[in-house]
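So the chains spell out like this:
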Amino acid sequence: MKTTASRIAVADTDRTVLELLQIRLELSGHRVYVSRDSAELMEAVKNARPNAMILDYNLQGAGAKGVMEELRRKSLLTFPVLLMGRNLTPENLQEIMQLGARSCIVKPFSGQDILERVSWLMRPAPAARPVHYLNV
Amino acid sequence: MNVFAVSRLEAPVATTLDVVAWEMELAAARCLMLDAMLGRVMGRLADEDQAEFMEGMHIVDLLSQQLTGLSSFTRKMSEKVPIEVSAQVDEALQGITLGALADRMTAALGGGEKGINERESAGNVDLF
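## So, the overall build of chain B
Then, number 1: Across its full length, chain B carries 4 helices and 2 strands.
Then, number 2: Written out in order from the N terminus, the α and β elements of chain B read β-α-α-β-α-α.
Then, number 3: A buried classification covers 24% of the 128 residues belonging to chain B.
Then, number 4: In chain B, the share of contacts with a sequence separation of at least 24, taken over all contacts with a separation of at least 6, comes to 79%.

## Details of the interface of chain B and chain A
Then, number 1: In this assembly, 21 residues from chain B lie in contact with 16 residues from chain A.
Then, number 2: Looking at the side of chain B that touches chain A, the elements that each hand over two or more residues are helix H1 (13-42), helix H2 (47-80) and helix H4 (99-108) of chain B.
Then, number 3: The leading source of residues in the side of chain B that touches chain A is H1 of chain B, at 12 residues.
Then, number 4: For the side of chain B that touches chain A, the per-class residue count stands at 10 nonpolar, 4 polar and 7 charged.

## What about the pairing of strand S5 (residues 103-106) of chain A?
Then, number 1: Where strand S4 (residues 81-85) of chain A and S5 of chain A come together, 4 bridges link them in parallel fashion. Of the residues in S5 of chain A, the one forming a bridge with Met84 of chain A is Ile105 of chain A.

How each quantity is defined
Residues numbered from 1 in each chain as written. Chains lettered and ligands numbered in written order. Predicted model: local features only at pLDDT ≥ 70, side-chain atom pairs only at ≥ 80, totals over all residues. Helix = DSSP H or I, 4+ residues; strand = E, 2+ residues; numbered from the N terminus. Buried ≥ 20, exposed ≤ 12 C-beta atoms within 10 Å, placed from the backbone. Contact = placed C-beta atoms within 7 Å. Nonpolar A, V, L, I, M, F, W, Y, C, P; charged D, E, K, R; others polar. Pairing = 2+ DSSP bridges.

Have a look at this one:
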């Protein structure tokens, strides 16, 4: 699936997932900035000014919640966020969605799944329904 | 010797299958990357060489589909195995001679890793 080229920050501690996402997204024409912990991710966001972010719930360091809080505090959350994670509870999801994530994808997923979800993520958010629970 | 081999490492079979599924998905993605690279090279070849090259690209594409299919199968199987069922994985991990792969799988199966910011040498092969 071909999507409009964007700058996408991807953060996951798992190197396999990170490389899989990088290859799939780059082949779709996106520019990808990978990070393996929250400190690296904050640097990537500051420097690359991404158009979207794919964030693992259990990211090493501050975790997804800490990252979202810091992005909000620094007024850097100007792009849609896709949360990914394993065994996410409704409480986990609600917490992150309330902090501004637009969607989530549950691990495990295929390379094709993530492209479809990113394509969805890059569409303009409907004004009245910013939160979208999928695949939970 | 594989530096990251750990002794007596046990992991749930479901998790092990899941880790293998991720690795196959990554291998399939690498095939797609190779296919794209071959596609760029093919444009620079003489017409008479392109047919043979095309056959190679077709094989890479088939390999990618095969890996994606196996990944999907393995992922689904991982959901069928009760989480209480475990097996020792250290001996199997020690048999993986590609260092980066062994390191990633050991980490994913709970055996720890070098330190998350250390760069891996993706092509390093541990010789015996």
